[in-house]
Amino acid sequence: MAETQAAKRLREYETIFLVKPDLTDDNVDKLKERVRGIVSREGGKVLRFTVWGKKKTLFPVAKQPRAIYVHTSFLGDGKLVAEIERNLRNLDEVTRYISVKIADEVDPESRPVLEDLKLAGDVEETRPGAPAEREGGFRGESPEFAGGDSEEESAEEA
């Protein structure tokens, strides 16, 4: 009876960890399988892994300007989160991690296991709105603000 009550009292967590950008997809998959094994060994349930891809970080992490972001969502308890973070801390490939509690008392039967996703990540600074694509650099220097003629003024004159 205690086992069925404990199973119904699982919490939902998500953990995001940053991996060194020079790792191959196979090595990232090995890290995912290691975390998946920890969750199943400790009595939890992995809901989904999402590899967000290689992205530019706000500041250099482990002397690297980019990192591979991996997001996992799982059900478990506080001991499971501590075990996952302990393992991530001991891996040289993982540079940063954070775990957040999403919900309390989640029924594991109500949450389906979803297929793992792999997203493309950033494409070498060619995103729309990247600073390299802007003309002029400042708002005052852009052609739409220069000269005082705007579309509204020309529409009123006509």
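What you see is a predicted model, and the numbers here were worked out from it, not measured in a lab. (Residues numbered from 1 in each chain as written. Predicted model: local features only at pLDDT ≥ 70, side-chain atom pairs only at ≥ 80, totals over all residues. Heavy atoms only, no water.)

Topic: the sheet that holds strand E4 (residues 94-106)
- The strand order across the open sheet built from five strands is E4-E1-E3-E2-E5, with neighbouring strands paired in mixed fashion. The strands lining the two open edges of the sheet, one partner per strand, are E4 and strand E5 (117-118).
- Examined bridge by bridge, strand E2 (residues 45-61) and strand E3 (residues 64-76) share eleven bridges and lie antiparallel to one another. Residue pairing in the sheet places Lys55 in a bridge with Ala67 of E3.
- Across the sheet, helix H2 (residues 25-41) lies against strand E1 (10-19), E2, E3, E4 and E5, angled at about 130° from E2, the strand it touches most.
- Packed onto the sheet, helix H3 (residues 78-90) meets E1, E3 and E4 and runs at close to 170° relative to E4. (Pairing = 2+ DSSP bridges. Helix = DSSP H or I, 4+ residues; strand = E, 2+ residues; numbered from the N terminus. Contact = heavy atoms within 4.5 Å. Axes fitted to C-alpha atoms, helices over the stretch in contact; angles between N-to-C directions.)

Remarks on the side chain of Asn87
- Tracing the backbone through its elements, the reader meets Asn87 in helix H3.
- The exposure class of Asn87 is buried, given its relative accessible area of 9%.
- Ignoring anything within four residues of it in the chain, the contact list for Asn87 reads Arg34 and Ile38. (Buried < 20%, exposed > 50% of the residue type's maximum accessible area, 1.4 Å probe, protein only.)

Focus: the pattern of salt bridges
- As enumerated under the stated definition, the model contains twelve salt bridges in all.
- For Glu33, the salt bridge goes to Arg36, with nearest N and O atoms at 3.4 Å. With Glu33 and Arg36 both in helix H2, this residue pair falls three residues apart, about one helical turn.
- Where Asp122 meets Lys55, a salt bridge forms, and the shortest distance between an N and an O atom there is 3.8 Å. Of this pair, Asp122 sits in the loop between E5 and helix H4 (151-157) while Lys55 is found in strand E2, placing the two residues 67 residues apart along the sequence.
- Among the residues examined, Asp122 registers a relative accessible area of 17% and is labelled buried.
- Taking the relative accessible area as the measure of exposure, Lys55 reaches 26% and is therefore partly exposed.
- Within this structure, Asp29, Lys32, Glu33, Arg36 and Asp116 form a network of salt bridges that share partners. (Salt bridge = Lys/Arg side-chain N within 4 Å of Asp/Glu carboxyl O.)

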